Amino acid sequence: MIAHNNNTRTALVTGGAIRIGRQIALTLAQAGYNIALHFGSSHQQALQTQSEIRDLGANCTLIQADLSKPLSASSEIFAATHTHFGHVDVLVNSAAIFNPANLADTTEHDFDTHLDINLKAPLFLSQAFAKQLPPHHSGNIINILDWRSRKADPAYLSYSLSKSALWSMTELLALDLAPQIRVNGIELGAILPPDPKPADFDARISETVPLKTTGDPQQIAHAVLFLLNTPFCTGSILPITGGEHL
């Protein structure tokens, strides 16, 4: 049953079951959006996030899809969102993988998987998003990036390449899809520690982040709302890094 009407907006958040994607989904729900919550393998966490979104008074549907198969996944995701909500107004490309490997350790599988999930999936999801948006309806795409998008980190070669390309894609799509769709990005710094948290994590943050602290997912969610509520902004990448990108 389609729950979309002229007064209800729908946001699709990939990787929305856990960590930063979860907070973005919750914050958008609190702001009045229906949520199409994509997840890969985090089914139990997705159910919990869906329950919290519904407690906020928003509608939420769960969509499982394997973004390592970007083209088929994007078709599946938008078919499911159309069934539940009609068209989607906001696409947040949050899902990503983040595995360390320098040049010597990089395998073809590692390289291809990073590009499939971190770059090709946002590309084909953006393509499907643009196709499904009705004429005369404005839309927004927000890509979640990383300070490694523009500052070399050879310890994360495939990841850094995928995010650098996503940066360029954000600017390209902003030009291609204007004026109907605005496309922006958020450049993340140290928001959440890896799981498990390395023993030297806090010391490393103090050395490498000018503000000498980490951020938190709520700051990223607020940045998403800022971009959605700033209608003269497209092709911009907003750094939320504590200065680590400098």
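What counts and how
- Residues numbered from 1 in each chain as written.
- Predicted model: local features only at pLDDT ≥ 70, side-chain atom pairs only at ≥ 80, totals over all residues.
- Heavy atoms only, no water.
- Pairing = 2+ DSSP bridges.
- Helix = DSSP H or I, 4+ residues; strand = E, 2+ residues; numbered from the N terminus.
- Axes fitted to C-alpha atoms, helices over the stretch in contact; angles between N-to-C directions.
- Contact = heavy atoms within 4.5 Å.
- Salt bridge = Lys/Arg side-chain N within 4 Å of Asp/Glu carboxyl O.
- Buried < 20%, exposed > 50% of the residue type's maximum accessible area, 1.4 Å probe, protein only.

*Asks:* Sorry, what's going on with the sheet that holds strand S4 (residues 90–93) here?
*Replies:* Strand pairing in a sheet is mediated by backbone hydrogen bonds. Such pairs are either parallel or antiparallel. Read across the open sheet, the seven strands follow the order S3-S2-S1-S4-S5-S6-S7; overall the sheet is parallel. One side of each edge strand has no neighbouring strand; the edge strands of this open sheet are strand S3 (60–64) and strand S7 (237–240). The sheet shows a mean angle of 20° between the axes of neighbouring strands, direction not considered. One ladder, built from three bridges, connects strand S1 (residues 9–13) with S4; its direction is parallel. Across the sheet, residue Leu-12 finds its bridge partner in S4, namely Leu-91. On top of the sheet, helix H1 (residues 19–30) reaches S1, strand S2 (33–39), S4, strand S5 (139–146) and strand S6 (181–188); it is set at about 165° to S2, its chief contact. Sheet strands in contact with helix H2 (residues 43–55) are S2 and S3, and its direction is about 165° off that of S3.

*Asks:* Help me understand the pattern of salt bridges in this model?
*Replies:* Once their charged atoms are close, side chains differing in charge can pair, the charge on each being opposite to the other. Per the stated rule, a full pass over the model turns up six salt bridges. Among the ionic pairs, Arg-22 bridges to Glu-52, the shortest N-O distance being 2.6 Å. Remark: Glu-52 occurs in helix H2 and Arg-22 occurs in helix H1; sequence separation between them is 30 residues. Of the residues examined, Glu-52 reaches a relative accessible area of 23% and is grouped as partly exposed. Note that Arg-150 is salt-bridged to Glu-187, the shortest N-O span being 3.0 Å. Of this pair, Arg-150 sits in the loop between S5 and helix H5 (157–177) while Glu-187 sits in strand S6, and the two are 37 residues apart along the sequence. Classification of Arg-150 as partly exposed rests on a relative accessible area of 45%. Judged by relative accessible area, which is 0%, Glu-187 ranks as buried. Connected through shared salt-bridge partners, Asp-146, Arg-148 and Asp-153 make up one network.

Any functional reading would require information that these geometric values do not contain.
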